[in-house]
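Overview (structure and organization)
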Amino acid sequence: MAGRGRLHLVLLLLLAEASRAEIRYSIPEEVKAGTVVGNIAKDLGLDVNSLPDRRFRVVSESEEALFEVNQHNGLLYVHKRIDRDERCRGSGACLSELKIIVENPLEIHYVVVEISDVNDHSPTFIEREQTFEIAEHTLPGKRFQLHAAHDPDAGTNGIRAYALTSNEHFEVDLRHSDEDQIPFLVLKKSLDREQKAKHRLLVTAVDGGRPPRSATLNVTVVVLDSNDNRPVFSQDTYQMTIAENIPIGTSVFKLNGTDPDEGPNGEIEYSLAKTLKKNVYGVFQVDKSTGVLRVIGNVDYEENDVYKLDIEASDRGTPPLTGECRVIIKIRDVNDNVPEIDVTSLSNTVSEDSKLGTVISLISVRDKDSGPNGKVVCTITNDVPFELKPSYKENVFSVVTKAHLDREEVSDYEMTIKASDCGEPPLSTVKSLKIHIADVNDNRPRFEKNPLQFYLTENNVAGNSVFLVSATDEDLNENAAISYSIVREGPSNDIISFLNINSENGQISALKSFDFETVKSFHFQVVAMDGGSPPLSSNVTVKVFILDQNDNAPVILHPVSSNGSAEGVEEIPRNLKAGDLVTKVRAYDADIGYNGWLLFSFGQVTDHSLFTLDRYTGQIRTLRSLTEKDEAEHRLLVVVKDNGNVSLSATATVTVKVVEPIEAFAASDVQSSAKADPEEDSMTFYLMITLGSVSLLFVISIIVLIAMQCSKSTEYTSKYLQEANYDGTLCHSIQYRSGDKRYMLVGPRMSIGSTIVPGSQANTLVLPDRRQTSGEPMMPNSDWRYSASLRAGGVMQSSVHMEESAVMQGAQGVLVQNWPTASSAADAEGGEVSPPMGAGVDSNSWHFRYGPGGPGAPPQHLKPGEVPPEAFIIPGSPAIISIRQNQGGEDDKSDFITFGKKEEAKKKKKKKKDKKDKKDKGKDDDE
């Protein structure tokens, strides 16, 4: 081990010595094989001849020897092609160390062959294309490494520079390293993809050879889009006009936004701005992709006449950019709104006494449309007492009264107001306004009739309601609340004091029972007053007629009653013939009508073949002549009955004595002389005055009757049948007036020769005219008898018993004579009166009148049922004659004749009565 170490050390020393004798050669590369590098033997100082022996050689450490030595001449030559670029990379010296070994002695020489570079290579790029993607928002100064060119040559033959085609955005920069240069593409100006999306550059690598060699690199710079552009519209503002009520779904407008960016950065989405009014989103919608603006809701001009839509266009970049525009949509009005009527009622109630022009309500009309479509004309279509007055403000009217109102005629009005616009076609609306007319106390209580007439049956129950008065008031409520009261003043105050009225319902009750025989009629006034303020009232005259009941039995006047029985003796001469008057039973009944209609009949008679009794007049006559065989004394029982529902009766006994004719005349003379009275002259004087008055009244009646007959309509003219025969039987008639109408009635008794007017149901009797044709007044028949009974009670009545008398109603122009009635209520005596002498009227022309009505009043026929049966005067019975009463309640006596004495009769009441009875008896004896 130690020896081997010493050997190594010797070798190292030798090598070090040899190295100091190193030879350097230089040859260019790419020389041909065999090219001599140098004379190595000479340079080493070796003997050329000894070289083969010494085994002169090159020891190469690599398998491939680049150099060889020639052993014969000692030259170092190139054994094979040398490529420096392959052997030596880089720009440093390319050295090839050769070990030259010479043996015997061993010598080792080191030779360094420097291979110099030859510009035999052009620069090359690994890739001929290089692409860069640079965002356009990249800031200037950004460096992008280029592919470095490769040149195997070294030194000056290596790459010396890089060149770039001229442009404004890029330049080439080299970064030097220890061995090479690295080229960089430097951004010197910002890119704009929208201006130029792709840049194509040519990079040239140039070496230092002469001539220089170069290589190019195609560089493509793709500018990556940066979302640096907002979407834009062709206009900032779009304007258009559409009609209201456009159908839903209609496309209105198409927006066209542009974005110069690409990809998502240039993809635009449309939307309505978020700051619009909420109602816009329900009317319009924009398609997200296409930008089509559509109507999705009702477009109403009245709600909005213009829509201002802000529409946004956003790209899909990160972050997205937004552009916007405004779309102004004007709405064109269409007449699609009817006018509206607004009623502001000051009061829906107006007083009926409102003055003309009183404002009731305010009417305002409006139409949401515009222009002519919104111009409104307002009218009242129905006929009402109101009108529209325009106000100071347009489309405002006031409803005022144009006529006087009357709630009683119309209490409520329904006014129809029509408002029409001026569109094409026009639209209209109608509204009803109800107006109530408030009541004013402008109507007095009103009675249906004035005066009111009531009929009250006598003997009513005291305290019960007797009749009802009722008034109506056309007003309302308290204005129509009527209270009733009786006026307690007047001539009938003594009767009125027994009447009571219910103030609320007008029911009148009597506190006493009325007697027809005492009071036949009375009148009073009732006041009806309403509850208005001030109250209004009206009066009505109530006329009450007491109706008779059969509550009075007949009273025998002749023969005179004595000790409760009526008995009389009549002497007749034996030479009486058939039909001669024997006597007359006279009676009266305080009742009237059928209740006072008396019928006479025999109750008992000694000889039925000798005497007859007229059932209506009470006259007893002979049926045949008396003979010697007839008895000298006959007893006759006469029964007098009335015609009431329950008949009442009385009896009279007449004793007839048959005497010789001389005795009868003697007795008559004695009686006549015995009955002479100093006062007879006085009675005759009064009778003459009475007859004169009757004659005057008769003349006046003729004049009045002629005037009335000339003016009387045909309905008052009776048609009579002329009859020559007349039996002289009395038929009583009645004239009755109800209101403004007058009626004439007679009893059902028909005399011989009388005629019943057709349609009168046997109640109207007409007798022929029996007046003398010469016109001379006919003297009254000696058989006339009158018996009057005056009763107290305020209303006079007379009972007249007449013989051979009849009611005469002639044809038109024939006079009608009103039979006089007694005028004194205090004169309660009966008396006998003969018809007026020289009156110029036949006894058959007397006309009895009952009830209200003046002389000369045209007789009218009263139908059955319109006047109660009690109002009839029955033929053959005493006639009840009442004084007519005027409206004032006082007895109007101007149309009647007063019979007998008045005050004198009152003073000599009893005496006068006795004398008259005697006189009547004497006259009966004469008859």
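The rules behind each value
Residues numbered from 1 in each chain as written. Predicted model: local features only at pLDDT ≥ 70, side-chain atom pairs only at ≥ 80, totals over all residues. Heavy atoms only, no water. Helix = DSSP H or I, 4+ residues; strand = E, 2+ residues; numbered from the N terminus. Buried < 20%, exposed > 50% of the residue type's maximum accessible area, 1.4 Å probe, protein only. Contact = heavy atoms within 4.5 Å. Phe/Tyr/Trp six-rings, centres within 6.5 Å; stacked < 30°, edge-to-face > 60°. Salt bridge = Lys/Arg side-chain N within 4 Å of Asp/Glu carboxyl O. Core = buried A, V, L, I, M, F, W, Y, C linked by side-chain atoms within 4.5 Å. Pairing = 2+ DSSP bridges. Axes fitted to C-alpha atoms, helices over the stretch in contact; angles between N-to-C directions. Polar contact = N/O pair within 3.5 Å; in protein donor to acceptor, adjacent residues only side chain to side chain. pLDDT = per-residue confidence, 0-100. Patch = residues over 30% accessible without salt bridge, like charges linked within 9 Å, V, L, I, M, F, W, Y side chains within 5 Å. Areas by Shrake-Rupley, 256 points an atom, 1.4 Å probe, with all protein chains shown as cover.

Here we take up the overall build of the chain. For the chain, the helix and strand inventory stands at nine helices and 60 strands. Relative to its 927 residues, the chain shows a buried fraction of 46%. In the chain, of all internal contacts separated by at least 6 residues, the share reaching a separation of at least 24 is 69%.

Taken as a whole, this structure holds 13 aromatic pairs when the rule is applied. Geometrically, the ring pair formed by Phe-386 and Tyr-413 is edge-to-face, given 5.5 Å between the ring centres and 90° between the ring planes. Here Phe-386, found in strand β30 (residues 386–390), pairs with Tyr-413, found in strand β32 (residues 412–421); they are 27 residues apart in sequence, far enough to count as distant. Between Phe-467 and Phe-524 the ring centres are 6.4 Å apart and the planes differ by 25°, which places this aromatic pair in the stacked class. Of this pair, Phe-467 sits in strand β36 (residues 465–468) while Phe-524 sits in strand β41 (residues 521–529); the two residues are 57 residues apart in sequence, bridging distant segments of the chain.

Side chains that carry opposite charge are capable of pairing whenever their charged atoms lie near each other. Under the criterion given, the structure shown has 21 salt bridges. Arg-193 is the salt-bridge partner of Glu-194, the closest N and O atoms lying 3.3 Å from each other. Across the pair Glu-387 and Lys-389 runs a salt bridge whose closest N-O atoms are separated by 3.7 Å. In this structure, a network of salt bridges that share partners links the residues Arg-193, Glu-194, Asp-225 and Glu-262.

Another aspect to go through is the nonpolar core. Counting residues in each nonpolar core, the largest one holds 28 residues, and the members touching the most others are Val-469, Tyr-484, Phe-522, Phe-524, Val-526 and Val-542. Those elements that provide at least two residues to this core are β35 (452–457), β38 (483–486), α5 (493–496), β39 (499–501), β40 (507–510), β41 and β42 (537–547). Apart from residues no more than four positions distant in its own chain, Val-542 is found in contact with Leu-452, Phe-454, Phe-467, Val-469, Phe-522, His-523, Phe-524 and Val-526. Counting residues in each nonpolar core, the second largest holds 27 residues, with Ile-246, Leu-276, Val-327 and Ile-329 among its members.

Strand direction decides the pairing type here: strand β26 (residues 340–345) and strand β28 (residues 359–366), joined by six bridges, are antiparallel. Looking at the pairing, Thr-344 lines up with Leu-362 of β28.

The strand order across the open sheet formed by three strands is β46-β50-β49, and the pairing between neighbours is antiparallel. In this open sheet, the two strands that pair with only one neighbour each are β46 (581–584) and β49 (611–613). Ignoring which end each strand starts from, the neighbouring axes of this sheet average 20° apart. With three bridges joining them, β46 and strand β50 (residues 619–622) adopt antiparallel strand pairing.

All right, on to the environment of Asn-479 then. Within the secondary structure, Asn-479 is located in the loop between β37 (471–472) and β38. Separated by 52 residues in sequence, Asn-479 and Gly-531 have C-alpha atoms that sit 5.0 Å apart. Contacts of Asn-479, omitting those with residues within four sequence positions, involve Asp-439, Val-440, Asn-441, Asp-473, Asp-530, Gly-531, Gly-532 and Ser-533. Here the side chain of Asn-479 touches Asp-439 through a polar contact of 2.9 Å, side chain to side chain.

Right, let's get into the sheet that holds strand β33 (residues 428–438). Across the sheet, four strands lie side by side as β27-β33-β32-β29; this open sheet has mixed pairing. The sheet terminates laterally at β27 (349–351) and β29 (376–380), the two strands that pair on one side only. Going from strand to strand, the sheet's axes swing by 30° on average, the running direction of each strand aside. Where β27 meets β33, three bridges bridge the pair, whose relative direction is parallel. Bridge pairing links Ser-351 to Ala-438 in β33.

A few words on unusual backbone geometry. Note the cis peptide between Glu-424 and Pro-425, where omega equals -5°. Mapped onto the fold, Pro-425 is located in the loop between β32 and β33. Of note, the amide linkage connecting His-558 to Pro-559 takes the cis form, showing an omega dihedral of 5°. Tracing the backbone through its elements, the reader meets Pro-559 in the loop between β43 (555–558) and β44 (561–562). In this model, Asn-104 sits at a positive phi of 55°, which is unusual for a non-glycine residue. Relative to the assigned elements, Asn-104 resides in the loop between β6 (94–102) and β7 (107–116). Although it is not a glycine, Asn-459 sits at a positive phi angle of roughly 65°. Examined against the element boundaries, Asn-459 turns out to sit in the loop between β35 and β36. Among the residues examined, Asn-459 registers a relative accessible area of 37% and is labelled partly exposed.

Summary statistics for the chain give a mean pLDDT of 74 and a share of 70% for residues scoring 70 or more. Contacts from residues 670–677, a stretch scored under 50 in pLDDT, to residues over four places away or in other chains number seven contacts.

A few words on the pairing of β35. Here β35 shows a buried face lined by Leu-452, Phe-454 and Leu-456 and an unburied face lined by Gln-453, Tyr-455 and Thr-457. One ladder, built from six bridges, connects β35 with β42; its direction is parallel. Its bridge partner lying in β42, Leu-456 is registered against Ile-546.

Another point: a nonpolar patch on the surface. Together, Leu-346, Val-359 and Leu-362 line one region of the surface with nonpolar side chains, adding up to about 250 Å² of accessible area. Residue placement: Leu-362 occurs in strand β28. For Leu-362, a relative accessible area of 35% gives the class partly exposed.

A word on the environment of Glu-478. Secondary-structure assignment places Glu-478 in the loop between β37 and β38. The class of Glu-478 is partly exposed, set by a relative accessible area of 48%. Along the primary structure Glu-478 and Asp-530 are separated by 52 residues, whereas in three dimensions their C-alpha atoms are 7.2 Å apart. If near-sequence neighbours (up to four positions away) are discounted, Glu-478 is found in contact with Asp-530, Gly-531 and Gly-532.

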